[in-house]
Amino acid sequence: MNLSRTARAALWTALVLGLGVVYVPLGVVVLNSFNSDRTFGWPPPGFTLQWWGAAWRSTGVRDALWTSVQAGLGATAIALVLGTMAAFAVQRYRFFGRDTVSLLIVLPIALPGIVTGIALSNTFHSVLGVPLGLFTVIVGHATFCVVTVYNNVLARLRRTGLNMEEASADLGADTFTTFRLVTFPMMRSALLAGGLLAFALSFDEIIVTTFTAGAGVRTLPIWIFENLFRPNQAPVVNVVAAALVIVSVVPIYLAQRLSGGDPQTR
Amino acid sequence: MAESGTVHENTTDANTTDPNTTDENTADPNTAGESTAGESAGATARNRTVRPGGGPRGVSRYVLRVIAIGYLFFLLVLPVALIVWRTFGDGLVPFVEALTSPSALHAFQVTLVVALWAVALNTVFGVGAALLLVRHDFPGKRLLGAFIDLPVAVSPVVVGLALILLYGRFSPVGGLLESWGLQIIFSTPGMVLATVFVALPLVVRSVVPVLEELGDEQEQAAHTLGASRFQTFLRITLPGIRSALAYGVVLCLARSLGEYGAVAVVSGRLVDQTQTLTLFVEERFQNFDQPAAFAASTALALLAVVTLLLTRLLRPKD
């Protein structure tokens with residue numbers, strides 16, 4: 001359809017407005033992290049790196065960053081193993097209740113975080129008797145991280161089919177060799193994309209974390225949330241938020257690159 | 001938390017519309033040919049159930065199944081079932097009572113208003129952006145795609161903070177709007193903005209692959225036959241993307257209903273004023289009113305299951 005001039009103008013307006021909702025506030029966050037005025041006076045009287053230094057020296061921020069990284073890596077590791085296994089089980093084998101299982105696996109992504117959080121905290125407390133801590137955060141995050149890996153691997157499995165693996169088996173490779181030399185290389189970029197998104201999800205998550213974290217376990221989003229309305233912390237909070245915005249470009253950029261290198265992922 | 005989950009749901013979606021995708025249910029001619037040729041490995045490729053047990057493959061099959069089901073049971077079925085059981089443990093009456101208290105009803109209403117606004121705005125944006133991205137050539141298209149994707153990767157708390165910095169009472173923009181009598185933060189417009197933000201890419205990413213696959217031959221034919229551009233859009237393009245659009249809208253709705261982080265920050269969590277259903281659950285839980293918290297959780301979980309089933313129905317050829 002050739003878009004008429006007015007239609008094009010209207011569409012561009014909608015696009016610019018929509019992106020404005022997102023990027024004007026994000027731009028303000030990033031700019032304010034260099035604002036030399038403590039109270040974010042506008043326009044900024046000057047620019048400084050002082051707040052970035054202060055954020056870097058803050059032990060609260062460092063501890064929270066380290067906790068977030070640990071939680072993200074742990075949840076991603078679990079998600080990669082379980083998500084891949086689940087995708088193989090659902091795609092390659094037929095069994096009773098397969099449709100239900102595949103529906104249940106993706107449920108956590110549709111389930112509001114607060115429901116997952118309350119449900120898990122309740123289960124850890126009253127059924128399993130596991131004390132809340134970093135470990136429970138990792139397990140909690142894993143529930144929805146699994147979905148990202150599962151979806152990516154499932155999509156790849158659907159497309160690649162079994163031909164290569166059969167050829168490998170016909171040529172005398174055992175199951176493990178076939179997996180190592182044929183299946184895994186075919187899955188690699190799907191695993192990378194899924195793992196990356198899983199890590200990003202875990203890194204940004206707040207509500208499941210609140211309900212599954214024990215006392216003293218503080219991820220970066222929780223740290224921001226706790227310090228949000230403390231005026232004397234405002235510049236540092238702002239720097240952490242700006243850093244998170246900049247970091248979140250990474251998974252999107254890499255996902256684009258991955259899809260660019262391999263036209264099939266998109 | 002539904003954030004980027006949808007990114008890959010889109011990946012899956014894009015794949016299912018890919019003509020090269022071999023759906024497991026449709027017999028693939030290549031594999032079929034192979035399985036008649038070779039008795040050993042290829043024969044059982046499509047039909048694993050006839051494969052005799054034992055051997056490394058047979059074992060791995062059971063291990064996979066046990067792990068998958070164990071995980072699902074302990075981390076999903078058991079926790080959710082526990083909530084549902086606690087909700088209905090004393091019968092239906094407490095459940096209904098908890099959900100019809102004035103606070104709960106108000107939370108339902110706020111959630112509904114915010115979600116409907118956000119879905120409507122995102123639908124307009126999504127269809128417009130998808131049309132531009134697919135039907136119009138301009139430099140920086142890929143970059144624009146990345147710009148549209150970014151919001152899902154931004155932490156909801158940061159989204160909230162960013163909106164407060166821009167529209168808060170003490171910022172120039174917020175101050176100006178407030179002098180016009182328009183309060184954004186701690187009020188409905190801010191919550192709608194936050195929800196629009198976190199759900200921005202969902203409709204675009206659902207519609208783009210279908211619009212690409214559709215091509216524009218029919219649209220050109222309609223145009224040649226004298227249809228106006230608007231008629232063409234209504235009669236040709238819109239019916240073509242209908243189910244993909246519905247899929248995106250459902251995803252967007254689910255995200256809007258379940259959003260917590262961004263809305264918690266910009267709403268100020270004022271009971272009976274800006275409290276959405278998710279915030280209601282949290283507040284009740286913190287105040288040890290577990291029956292109300294569980295009842296509202298169950299309601300949210302039911303909504304989630306319904307949306308999930310809807311997306312299954314709407315997703316093409318899955």
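Anything mentioned here points back to the structure above.
Owing to the predicted nature of the structure, the values given are computational and were not obtained by experimental measurement.

Novice: Would you take a moment to explain the overall build of chain B for this structure?
Specialist: Summing up its helical and strand segments, chain B has 15 helices and 0 strands in all. Put simply, chain B has 318 residues, and 54% of those count as buried. Counting contacts in chain B only where the partners sit at least 6 residues apart, residues at least 24 apart contribute 70% of the total. Total accessible area computed for chain B in this model is approximately 14000 Å², and 66% of it derives from carbon and sulfur atoms.

Novice: I would appreciate a short explanation of helix α6 (residues 134–160) of chain A in the present structure.
Specialist: Structurally, the α-helix is built with 3.6 residues per turn, so residues lying three or four positions apart point the same way. All names here are of chain A. Between the first and last C-alpha of α6 there are 38 Å, a value that for 27 residues agrees with the 39 Å anticipated at 1.5 Å per step. The axis of α6 is deflected most strongly, by about 40°, at Thr143. In terms of residue burial, α6 counts as a mostly covered element, since 24 of its 27 residues are buried. Downstream of α6 by one or two residues, Gly161 has phi in the positive range, about 70°.

Novice: I keep staring at unusual backbone geometry and nothing clicks. Help me out?
Specialist: What you tend to see is this: most non-glycine residues have negative phi, and most peptide bonds are trans. Residue and element names in this part refer to chain B. One non-glycine residue with positive phi stands out, namely Phe186, at about 65°. Here Phe186 lies in the loop between α8 (172–179) and α9 (188–198). Notably, Phe288 is not glycine yet its phi reads approximately 60°, a positive angle. As for its placement among the helices and strands, Phe288 is situated in the loop between α14 (277–286) and α15 (290–314). Residue classification places Phe288 among the exposed positions, given a relative accessible area of 72%.

Novice: When you look at the interface of chain B and chain A in this model, what are you seeing that I'm missing?
Specialist: With 106 residues of chain B at the contact, the number on the chain A side is 103 residues. Both faces considered, chain B and chain A share a buried interface measuring about 9800 Å² in area, 72% of it formed by carbon and sulfur atoms. The interface formed by chain B and chain A includes 0 salt bridges. If one sorts the elements of the side of chain B that touches chain A by residue count, helix α3 (residues 55–88) of chain B sits on top with 19 residues. Each residue belonging to the side of chain B that touches chain A can be placed in one class, and the counts come to 59 nonpolar, 26 polar and 21 charged.

Novice: How should the pattern of salt bridges be read in this particular structure?
Specialist: Where charged atoms of side chains with opposite charge meet at close range, the side chains can pair. All names here are of chain B. Scanning the entire structure with this criterion turns up 9 salt bridges over all chains. Close ionic contact of Glu283 with Arg284 constitutes a salt bridge, the shortest N to O distance being 2.9 Å. The buried category is assigned to Glu283, whose relative accessible area is 17%. Arg284 sits in the partly exposed class, given a relative accessible area of 22%. Residues joined by salt bridges that share partners form a network here, namely Glu283, Arg284 and Asp289.

Novice: Would you mind showing me how to read the side chain of Thr48(A) here?
Specialist: All names here are of chain A. Along the chain, Thr48 turns up in the loop between α1 (5–32) and α2 (50–57). Judged by its relative accessible area of 17%, Thr48 falls in the buried class. Reaching out from Thr48, the side chain makes a polar contact with the backbone nitrogen of Gln50 at a distance of 2.8 Å. Apart from residues no more than four positions distant in its own chain, Thr48 is found in contact with Ser33, Phe34, Asn35 and Ser36.

Criteria and cut-off values
Residues numbered from 1 in each chain as written. Chains lettered and ligands numbered in written order. Predicted model: local features only at pLDDT ≥ 70, side-chain atom pairs only at ≥ 80, totals over all residues. Heavy atoms only, no water. Helix = DSSP H or I, 4+ residues; strand = E, 2+ residues; numbered from the N terminus. Buried < 20%, exposed > 50% of the residue type's maximum accessible area, 1.4 Å probe, protein only. Contact = heavy atoms within 4.5 Å. Areas by Shrake-Rupley, 256 points an atom, 1.4 Å probe, with all protein chains shown as cover. Expected span 1.5 Å × (residues − 1). Bend = angle between axes of the 7 residues up to and from the residue. Buried area = accessible area lost by both parts, 1.4 Å probe. Salt bridge = Lys/Arg side-chain N within 4 Å of Asp/Glu carboxyl O. Nonpolar A, V, L, I, M, F, W, Y, C, P; charged D, E, K, R; others polar. Polar contact = N/O pair within 3.5 Å; in protein donor to acceptor, adjacent residues only side chain to side chain.

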